[in-house]
Every structure is written in C-alpha cells, then in structure tokens.
Amino acid sequence: MPDADTRAPAPAAGARTTESPAPARTGTAAVTAAKGRTPAAGTAAAKATGTADERLLPGTSAYRRAILALFAAGTATFLLVYATQGLLPAISAEFSATPARASLTVSLTTGALAAALLPVSTLSEKYGRLQVMTASVFGAALVGLAIPFSPDLTTLVVLRALQGVALAGLPASAMAYLAEEVSPRALAGAVGLYVAGNSLGGMTSRLAAGWIAQWTNWRVALGVLGAASLLCAVTFLLLAPKARHFTPSPINPAALLRTVRGHLGNPLLLRLYLLGMLFMSVFGSVYTVLAYRLTEAPFHLAEGVIGSIFLVYLVGTFTSAVSGRLTARIGRRGSLYTGIATVTAGLLLTLADSLTAVLLGLVLITGGFFTGHVVASGSVSGTAASGRAQASALYMTAYYVGNSVGGTVGAGAYHSAGWSGTTAVALLAMAAAAATTGYATWRARGGRRAGADRGAEP
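Quick look at the structure, then. In this text, all values refer to a predicted model and were calculated from it rather than measured experimentally.

Points about the overall build of the chain
Here's step 1: The number of helices and strands found in the chain is 18 helices and two strands.
Here's step 2: Out of the 458 residues in the chain, the part that is buried amounts to 56%.
Here's step 3: The contacts of the chain with a sequence gap of at least 6 include a subset with a gap of at least 24, amounting to 79%.
Here's step 4: Surface accessibility of the chain: about 17000 Å² in total, with carbon and sulfur atoms responsible for 66%.

Section: empty space enclosed by the protein
Here's step 1: One pass over the full model with this rule turns up one cavity of 30 Å³ or more.
Here's step 2: Taken as a whole, the largest cavity spans an internal volume of roughly 50 Å³.
Here's step 3: Contributing to the lining of the largest cavity are Leu80, Ala83, Thr84, Gly144, Ile147, Arg160, Gln163 and Leu222.
Here's step 4: Partitioning the lining of the largest cavity into residue classes produces four nonpolar, three polar and one charged.

Quick word on the side chain of Ser205
Here's step 1: Relative to the helices and strands, Ser205 is located in helix H10 (residues 187–215).
Here's step 2: Other than its neighbours up to four places away in sequence, Ser205 contacts Phe78, Leu79, Tyr82 and Leu225.

Overview of the pattern of salt bridges
Here's step 1: Summed over all chains, the structure comprises four salt bridges.
Here's step 2: For Arg219, the salt bridge goes to Glu94, with nearest N and O atoms at 2.6 Å. Residue Arg219 is located in helix H11 (residues 218–239), and its partner Glu94 is located in helix H4 (residues 88–95); the two are separated by 125 residues in the primary sequence.
Here's step 3: We classify Glu94 as partly exposed; its relative accessible area is 40%.

Observations concerning the packing of helix H8 (residues 153–167) against helix H9 (residues 169–181)
Here's step 1: It is the contact of H8 with H9, at a shortest axis distance of 5 Å, that shows an interaxial angle of 10 degrees. As far as their axial angle goes, H9 and H8 are roughly parallel. Of the residues in H9, those touching H8 at Val165, Ala166 and Leu167 are Gly169, Leu170 and Pro171.
Here's step 2: Residue composition of the contact of H8 with H9, by class: five nonpolar, one polar and no charged.

Remarks on the packing of helix H7 (residues 129–146) against H9
Here's step 1: With their axes 9 Å apart at the nearest point, H7 and H9 run at an angle of 145 degrees to one another. Where H7 crosses over H9, the two elements pack in a sense that is left-handed. For the pair H7 and H9, the contacting residues are Arg129, Leu130, Val132, Met133 and Ser136 in the first and Gly169, Leu170, Ser173, Ala174, Ala176, Tyr177 and Glu180 in the second.
Here's step 2: Tallied by class, residues from the contact of H7 with H9 come to seven nonpolar, three polar and two charged.

Points about the packing of aromatic side chains
Here's step 1: Tallying each qualifying case throughout the model produces 11 aromatic pairs.
Here's step 2: Consider the rings of Phe283 and Phe369, whose centres lie 4.2 Å apart with planes at 10 degrees: the pair is stacked. Residue Phe283 is located in helix H13 (residues 267–295), and its partner Phe369 is located in helix H16 (residues 355–383); the two are separated by 86 residues in the primary sequence. Accessibility classification places Phe283 together with Phe369 in one group, the buried group.

Concerning unusual backbone geometry
Most peptide bonds adopt trans geometry, and most residues besides glycine take a negative phi value.
Here's step 1: Pro298 follows Ala297 through a cis peptide bond whose omega is 5 degrees.
Here's step 2: Even without a glycine there, the phi angle at Ser96 is positive, about 50 degrees.
Here's step 3: Here Ser96 shows up in the loop between H4 and helix H5 (99–102).
Here's step 4: Here the phi dihedral of His300 falls at roughly 55 degrees; this positive angle occurs in a residue that is not glycine.

Digging into the side chain of Ser121
Here's step 1: In this structure, Ser121 sits in helix H6 (residues 104–127).
Here's step 2: Polar side-chain contacts of Ser121 include one of 2.7 Å to the backbone oxygen of Leu118.

Side note on the environment of Ser61
Here's step 1: Here Ser61 shows up in helix H3 (residues 61–80).
Here's step 2: In this structure, the C-alpha to C-alpha distance between Ser61 and Pro241, residues 180 residues apart in sequence, is 9.7 Å.

With respect to a nonpolar patch on the surface
Here's step 1: Together, Leu123, Tyr127 and Ile251 give the surface a local cluster of nonpolar side chains, amounting to about 270 Å² of exposed area.
Here's step 2: Among the secondary structure elements, Ile251 is positioned in the loop between H11 and helix H12 (253–264).
Here's step 3: Using a relative accessible area of 36% as the deciding quantity, one classes Ile251 as partly exposed.

Some details on the environment of Ile306
Here's step 1: Within the secondary structure layout, Ile306 lies in helix H14 (residues 303–309).
Here's step 2: Separated by 99 residues in the primary sequence, Ile306 and Leu207 place their C-alpha atoms 8.1 Å from one another.

Here is what the cut-offs are and how they apply
Residues numbered from 1 in each chain as written. Predicted model: local features only at pLDDT ≥ 70, side-chain atom pairs only at ≥ 80, totals over all residues. Heavy atoms only, no water. Helix = DSSP H or I, 4+ residues; strand = E, 2+ residues; numbered from the N terminus. Buried < 20%, exposed > 50% of the residue type's maximum accessible area, 1.4 Å probe, protein only. Contact = heavy atoms within 4.5 Å. Areas by Shrake-Rupley, 256 points an atom, 1.4 Å probe, with all protein chains shown as cover. 1 Å grid on protein atoms, 1.4 Å probe; cavity = no way out; pocket = protein on both sides within 12 Å on 5 of 7 lines; lining within 4 Å. Points joined across faces, edges and corners; volume = space filled by probe spheres on them. Nonpolar A, V, L, I, M, F, W, Y, C, P; charged D, E, K, R; others polar. Salt bridge = Lys/Arg side-chain N within 4 Å of Asp/Glu carboxyl O. Axes fitted to C-alpha atoms, helices over the stretch in contact; angles between N-to-C directions. Parallel < 35°, antiparallel > 145°, perpendicular 65-115°, else oblique. Left-handed = near helix turned anticlockwise from the far one by under 90°. Phe/Tyr/Trp six-rings, centres within 6.5 Å; stacked < 30°, edge-to-face > 60°. Polar contact = N/O pair within 3.5 Å; in protein donor to acceptor, adjacent residues only side chain to side chain. Patch = residues over 30% accessible without salt bridge, like charges linked within 9 Å, V, L, I, M, F, W, Y side chains within 5 Å.

As structure tokens, this is what we get:
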C-alpha cells in the first residue's frame, strides 16, 4: 500500500521510498539494458569525443520543467492507487458488501498494476517513456472520473482494476526517463523530487478522501481525486520536455522470458521477492482494515479523522532516510530482523482498545515495514548480475501482489474474527519473513564453511 513506490526496488542507501513503485536503479538499469551503457559511461564517452553532456542540469529551465512534470505525474498516480482505502466502510455500507468484497477496490487495483508492470515497461522500451507515461496518467485520471458513477460494486471493482493497468505506466517508465534525460550529477536529486510527488499523492488521497467523504459522500471524494489527477496529468503534458536521449529498442519476448526465468531460478532473488511480498502483505492488510476498526466500538471515529490518521505514513519517510545508516551498522540481516521485530511489536500493540496504543502500533508497523522494504528492494539490484530492470520489476510485482493478497485476506479475517483475526494473519506473515531471513543466514554460514561465494544474502 505504500506509494512506493515507485518506491520500488533498489533505492540507494538513505534514499526515501514510497509505495511507489519503481526505483532509481530500476530506471538506470533499464537504460543500461536498452542502450548498453550507464549514464556515467555516456558522460565518459562524451568527454572522450570532446562533446558536452547535453543532459539536464539543475538551474536550467528544462530541468525544472522535467522535475515538475514528474512530480505532477507521481502525484496523479498515487492520488488514485489507494483512493478507496480510507472509504471502504462507506462503500461497504452503500453496497451491503463485506469488508473482503469491498477491499477488492484496492487489492485488484494493485494486483492489476503488478500484472501490467513487466509488459508496460517493455512497451516503453519501444515506444518511448514520455508516450507511455502520458497515456498512463491520462488513462488513469479519465477512469477515475468515471468511477464515482459506478452503479454497483462489480462495476466499481472492474473500473478500479482497469485503473490499475493504466497506472502501471508511470512506475514502469519514470526512472528510465530521468536516467536518460537528467545528468548523472543531478539524478539523485531528481529522483528524490519524483518520489516526493509519489508520497504527497499517496498521503493526500487518503487524507482528502476521508474529509471530503465526511462532508459529502464517497462518490464526491473519488470524483474530486479524479479531477485533481486529470489536472496533474495536464500539467505533466504541458511541462515534460521532449525526450532527447531515448533510443527505441525492439521488443524481444524470447529474451525477456529468458531473463525473467533466470531471475525466478535464483534462490536469493526469490527470497528477496518473498520478503517484499510478506512485508507488504502486512502493511496492506493493516491499512486496508484500519478504517473498519476505527469506525466501530470503542473508537467510533469519523471518516475525516480516520483519513488524518494516515499521516502516520510520514514515519516511512524518516525510516527510509535512516535505514541506510542502520544497515551499515548492523548489516542487512540485522536490519531485516529489526524490521520484523518492530512490525510484530506494533501489531501486538494494536490489539489494545486504546487509540493511543493503536496509533503507536501503527507508527511501529510503518517504520518496520519501510525498514524491511528498503533492505529487500535494495538487495535486488546488487544480487542480479544482469537484467536488473527486470529483476526490480519482478520485485515490484511481488510487492503489489503482497498488497493485494494481504488486503483481501486481512479483510476476510476481520469479517470472520475481528481485528484479532487480521492481526493473527499479519503475525503469521512476519513469522514467515523471520523464517526466510533465518534460512538465508543458515545458507550463508554453510556457504562460508564450504568456501562458496557469499553473494548478497539478505
């Protein structure tokens, strides 16, 4: 459920992440795969031939336009991904739907996004980053304007799934566009501003939807978010500089399939994908069901107040910033165990019928989730010897699948056994994450005794 995003795999140490989705390394790796060189290599080649690197630099009008355009596109995308999450009780009430059925308006959106990531990223290699991103933000915004008129839950769920497919274009293309068009010296800052747009959109959608729905209804809230996304899409279209360094490459399904099969046959990558999925399943489960719990006894909170609680999500920004230093101090496995323990403690705290305890639990769950996500996603790019763009895209696929499964299963458990049922499912996921990390530790120790290559075990 995080705006991840774009938060996505392979952030640099200390970088901020979101639900977003595709990481800085993903884009850079995609460029490497498409052009056969890194941005740094391109700069070196320019110097060797006596030509200047013409990519965008801070202080130029084109750079400012590119950053503002990507900021607007990121905001538009993550305004929509989790738009219904804080509105689920109202949607359940109108359509007489169980939490599990209503949660499909979130889980099928992220599931469709996950399924579309690889195909859409491949399309961007042939048809261009800007073209795919433009189609993505406009398509998602236009579907968003139709969603408030859904006559029944089935229509709403289908439209949300279509919106998920449309939304895949931005995380699949944005980082590659920045890596191609922005000077390597300015790339980190550009990525940071793009991620900030993701975070702003994800948080604003939850916050604004809750308050607007409290004053009016959930349909008006979703309509306002759709209109705001369309405005962001127009801003992106008007501001985005024309791509000057994109080189189309033919779609080669056979080569893509070989790369994907190779990654799925790598035990370490599989464990990293599993860890990302498990962490995200807990996060998606908790935040999907949260609104239901807080509208009921003993809390009885209004929709606007519940939307404001999503400000806790800002904890992830701080956690992402310090996770690099934590990993440098205690290692990847130590950071993973820390994240697992923090999430577990937070889950146990939320069992108390105290709003203070629930809020503190959410802080711990959010901080622990981002710690685990940053470590797992950051290890993917370092583990994949080739095809890093596809390796990161597979991580994001697992990540969003985790959100979809976690949200649906957690909502079903809540319908059957209340919050304790949701918590039990989440604790099982954290136990599985601990077992996965422990298995990796055992394998690494065995490898050292055997003199094997230790690689980049998590």
